[in-house]
Amino acid sequence: MERVLLKNHGKPDSHRIAGYLASGGYKALEAALRMKPDNIIQMVKDSGLRGRGGAGFSTGLKWSFIPKDPTLQKYLCCNADEGEPGTFKDRGIIDHDPHLLIEGMIITSYAIGATRSYIYIRGEFDFGAKRLEDAIKEAHAKGYLGKNILGSGFEHEMYVHRGYGAYICGEETALLESIEGYRAQPRKKPPFPALAGLYGKPTVINNVETLSCIPAIIEKGAEWFKKLGPEKSPGPKIYCVSGHVKKPGLYELPMGTTARELIYGHCGGMLHETRPLKAFIPGGVSAPMLTPQDIDTPLDFDSLAAKGSMLGSGAVIVMDNSTCMVKMAYIINRFFSHESCGKCTPCRDGTPWLTKVLRRLEHGEGRPGDVELLESLCTNIFGRTFCPLGDGAVMALRGALKHFRQEFQYHVDHKMCPAS
Amino acid sequence: MLSEESKKELEAALGKYPNKRSAVMDALRIAQKGNGGHLTKEDMDEIASMLEMRPVEVNAAAAFYTMYNIEKPVGKYHIQVCRNISCSLLGAEHLIKHMERTLGISTGGTTPDKRFTLSTVECLGSCGTAPMMQINDDYYENLTETRIDELLKTLK
């Protein structure tokens with residue numbers, strides 16, 4: 001497949017505007033500014049693009065919820081708070097092709113009528129934040145940002161807002177709270193950001209990868225985009241693979257590539273020939289893990305949902321048979337417990353409780369009834385939290401318990417791991 | 001107290017937003033950087049005054065985000081080792097123990113000469129090049145014991 005999102009990776013100075021222009025960059029913006037905003041929104045709807053941040057909602061539909069009133073201030077926020085363990089796709093675009101994202105954001109802003117946008121980047125990505133700031137200056141100097149962009153009458157300013165170490169900022173309303181200078185705790189929805197978002201104004205929030213698809217849709221058309229991958233999950237997808245494979249990294253492939261093709265084809269197979277696949281997580285740690293019997297599952301929104309998991313961020317984490325599933329569950333839950341924003345009780349108190357039980361199992365101090373206690377805690381957290389963080393913790397643990405319950409019980413009964 | 005340079009940087013950050021409060025994260029970052037890696041009460045009070053916020057609001061924001069070090073000085077080199085799933089699968093815990101032995105400190109501690117602080121973090125978004133760590137603003141990836149030993153020798 002021709003690369004769309006990673007096409008400039010590996011080229012010298014891929015982050016500079018000269019290189020981006022040489023590869024045809026900003027042509028899509030020129031074309032978009034000749035179109036009516038409504039036609040761009042329709043084109044994105046027709047393309048079938050679904051948000052790459054995890055939820056998979058129709059991007060064009062999300063844009064269409066923005067009120068048309070031209071007197072209203074509107075905002076675009078790019079979610080670059082990449083924090084889901086296993087995920088590093090957005091960082092790849094930001095570090096190596098920042099103008100692709102910026103071009104996608106200017107087109108999106110024109111389509112929804114936003115005159116200001118913010119890129120919310122996680123604080124640890126210091127290198128990427130500086131690259132974005134430099135790229136914004138370059139775009140400004142060339143007339144792609146500022147007043148009367150390319151003589152179209154459209155004006156737009158773009159800014160980088162740096163987070164400082166809180167996973168919850170990836171939740172869209174928490175992200176808005178953070179830009180407004182508050183603790184990043186989620187807001188009650190409705191109202192949804194399209195009506196009352198940043199500073200109470202209509203706001204679209206899209207992921208880096210989603211926005212980076214926009215120039216290609218404008219340039220090559222909705223039909224071209226739709227033909228890449230399954231009908232209901234079209235387009236290119238960046239899969240980020242880590243763990244026990246020979247060649248971890250970023251792979252841009254048609255949506256719907258199977259786990260087998262990805263792990264044994266593109267990634268060169270398991271890291272150690274003598275250690276077969278035990279499990280894989282298909283979409284970041286919130287996504288329930290799957291086992292070798294699911295290896296031919298297409299990695300797209302609907303196919304993974306049918307298997308009881310999800311595409312999430314497209315982060316595929318591969319584990320061989322030396323992996324202790326209790327330890328993995330402990331590490332994953334420790335993360336959610338650490339990152340709970342503390343707003344609601346089931347998550348604030350429930351995730352540390354899960355972690356405490358998992359820790360004692362992992363340390364050979366399990367007690368009879370611990371597995372049942374974990375299941376009970378999951379029941380009491382799931383669906384009872386303000387935002388999806390609590391659900392994410394539970395879905396990950398339930399996935400591990402579904403496939404490896406005996407291994408958890410073994411830890412209780414024998415005070416050790418069968419994989420060790 | 002914020003240096004003149006930090007104040008200028010903060011003035012520039014204020015231009016990004018329609019209100020002053022939104023600049024609080026930038027202000028805290030700038031203050032922390034200008035203060036050798038940690039925030040003091042005086043810094044936060046000064047920020048509150050500049051941004052027309054109550055001191056408790058600035059403190060609440062600073063306490064929420066893990067990268068702000070409130071009244072907790074860190075060494076010249078703050079080493080943050082990722083210990084989440086992808087790094088763990090490729091031996092992060094082993095490398096953390098190796099660093100504890102090499103530096104003679106436990107995780108969370110600072111060497112007596114104030115050169116190194118060793119911390120662990122939950123995922124730095126560099127999972128394809130695990131195991132990895134961050135030292136101050138820079139990422140170091142595909143770590144091995146040998147690579148860590150060589151690296152530590154260069155940090156004077």
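In this report, we go over the structure that sits alongside the text.

Reading the values: the criteria
Residues numbered from 1 in each chain as written. Chains lettered and ligands numbered in written order. Predicted model: local features only at pLDDT ≥ 70, side-chain atom pairs only at ≥ 80, totals over all residues. Heavy atoms only, no water. Helix = DSSP H or I, 4+ residues; strand = E, 2+ residues; numbered from the N terminus. Rg over C-alpha atoms; globule rule 2.2 N^0.38 Å. Buried < 20%, exposed > 50% of the residue type's maximum accessible area, 1.4 Å probe, protein only. Contact = heavy atoms within 4.5 Å. Areas by Shrake-Rupley, 256 points an atom, 1.4 Å probe, with all protein chains shown as cover. Lys, Arg positive; Asp, Glu negative; His and termini not counted. Charge placed at Lys NZ, Arg CZ, Asp CG, Glu CD. Pairing = 2+ DSSP bridges. Axes fitted to C-alpha atoms, helices over the stretch in contact; angles between N-to-C directions. Buried area = accessible area lost by both parts, 1.4 Å probe. Salt bridge = Lys/Arg side-chain N within 4 Å of Asp/Glu carboxyl O. Polar contact = N/O pair within 3.5 Å; in protein donor to acceptor, adjacent residues only side chain to side chain. Nonpolar A, V, L, I, M, F, W, Y, C, P; charged D, E, K, R; others polar. Parallel < 35°, antiparallel > 145°, perpendicular 65-115°, else oblique. Left-handed = near helix turned anticlockwise from the far one by under 90°. Patch = residues over 30% accessible without salt bridge, like charges linked within 9 Å, V, L, I, M, F, W, Y side chains within 5 Å.

**Some details on the overall build of chain A**
Assigned secondary structure in chain A consists of 16 helices and 8 strands. Radius of gyration (C-alpha) of chain A: 22 Å, near the 22 Å computed for a compact globule of 420 residues. By its C-alpha atoms, chain A is 75 × 45 × 35 Å across when sized along the principal axes. Taking all 420 residues of chain A together, the buried fraction comes to 61%. Once local pairs closer than 6 in sequence are excluded, the contacts in chain A between residues at least 24 apart make up 69%. Approximately 15400 Å² of chain A is accessible, and the part contributed by carbon and sulfur atoms is 52%. Within chain A, the 46 negative side-chain charges are centred at a point lying 1 Å from the centre of the 52 positive side-chain charges.

**A look at the sheet that holds strand β1 (residues 75-80) of chain A**
Residues and elements named next belong to chain A. Sheet architecture is open: 4 strands sit in the order β3-β2-β1-β4, paired in parallel fashion. A strand with exactly one partner marks an edge of an open sheet, and here the two such strands are β3 (157-162) and β4 (203-207). The average undirected angle you get between the axes of adjacent strands in this sheet is 20 degrees. The pairing of strand β2 (residues 116-121) with β3 spans 6 bridges and is parallel. Residue pairing across strands places Y118 opposite Y159, the latter belonging to β3.

**Notes on the interface of chain B and chain A**
Contacts between the two partners involve 38 residues from chain B and, on the opposite side, 55 residues from chain A. Of the roughly 3800 Å² buried between chain B and chain A on both sides combined, carbon and sulfur atoms contribute 58%. Looking only at chain B, the three residues that lose the most surface to chain A are B:F64, B:I85 and B:L89, adding up to 17% of its buried area. Scanning the region where chain B abuts chain A turns up 3 salt bridges. If you look at where chain B meets chain A, you find 24 residue pairs in polar contact (both at pLDDT 80 or more). At the level of secondary structure, the elements contributing two or more residues to the side of chain B that touches chain A comprise α2 (24-34), α4 (55-64) and α5 (85-89) of chain B. Here the side of chain B that touches chain A is composed, by residue class, of 18 nonpolar, 12 polar and 8 charged.

**Looking at α2(B)**
Across the 11 residues of α2(B), 9 count as buried, placing the element largely inside the fold. In the segment just after α2(B), B:G36 is the residue with positive phi, at about 75 degrees.

**Re the pairing of strand β1 (residues 77-82) of chain B**
The side chains of a regular strand alternate between the sheet's two faces. Residue and element names in this part refer to chain B. Burial of β1 is extensive: 6 of the 6 residues sit out of reach of the surface. Burial along β1 is two-sided: Y77, I79 and V81 and H78, Q80 and C82, pointing in opposite directions, are all buried. Relative to strand β2 (residues 116-121), β1 is paired through 6 bridges, and the arrangement is parallel. Paired with C82 across the bridge in β2 is V121. In this sheet, strand β3 (residues 133-135) lies alongside β1 in antiparallel orientation, the contact comprising 3 bridges. Bridge pairing in β3 links I79 to I135.

**Quick look at the packing of helix α1 (residues 4-14) of chain B against α2(B)**
All names here are of chain B. At a closest axis distance of 10 Å, the pairing of α1 and α2 adopts a crossing angle of 160 degrees. Between α1 and α2, the crossing angle belongs to the class labelled roughly antiparallel. Every pair of crossing elements has a handedness; the one defined by α1 and α2 is right-handed. Contacts between α1 and α2 involve S6, E9, L10 and A13 from the first element and D26, A27, R29, I30 and G34 from the second. Residues belonging to the contact of α1 with α2 are distributed by class as follows: 4 nonpolar, 2 polar and 3 charged.

**Some thoughts on a nonpolar patch on the surface**
A contiguous nonpolar surface patch, about 270 Å² in accessible area, is contributed by A:F57, A:L61 and A:F65. Looking at the element boundaries, A:L61 is found in helix α4 (residues 59-64).

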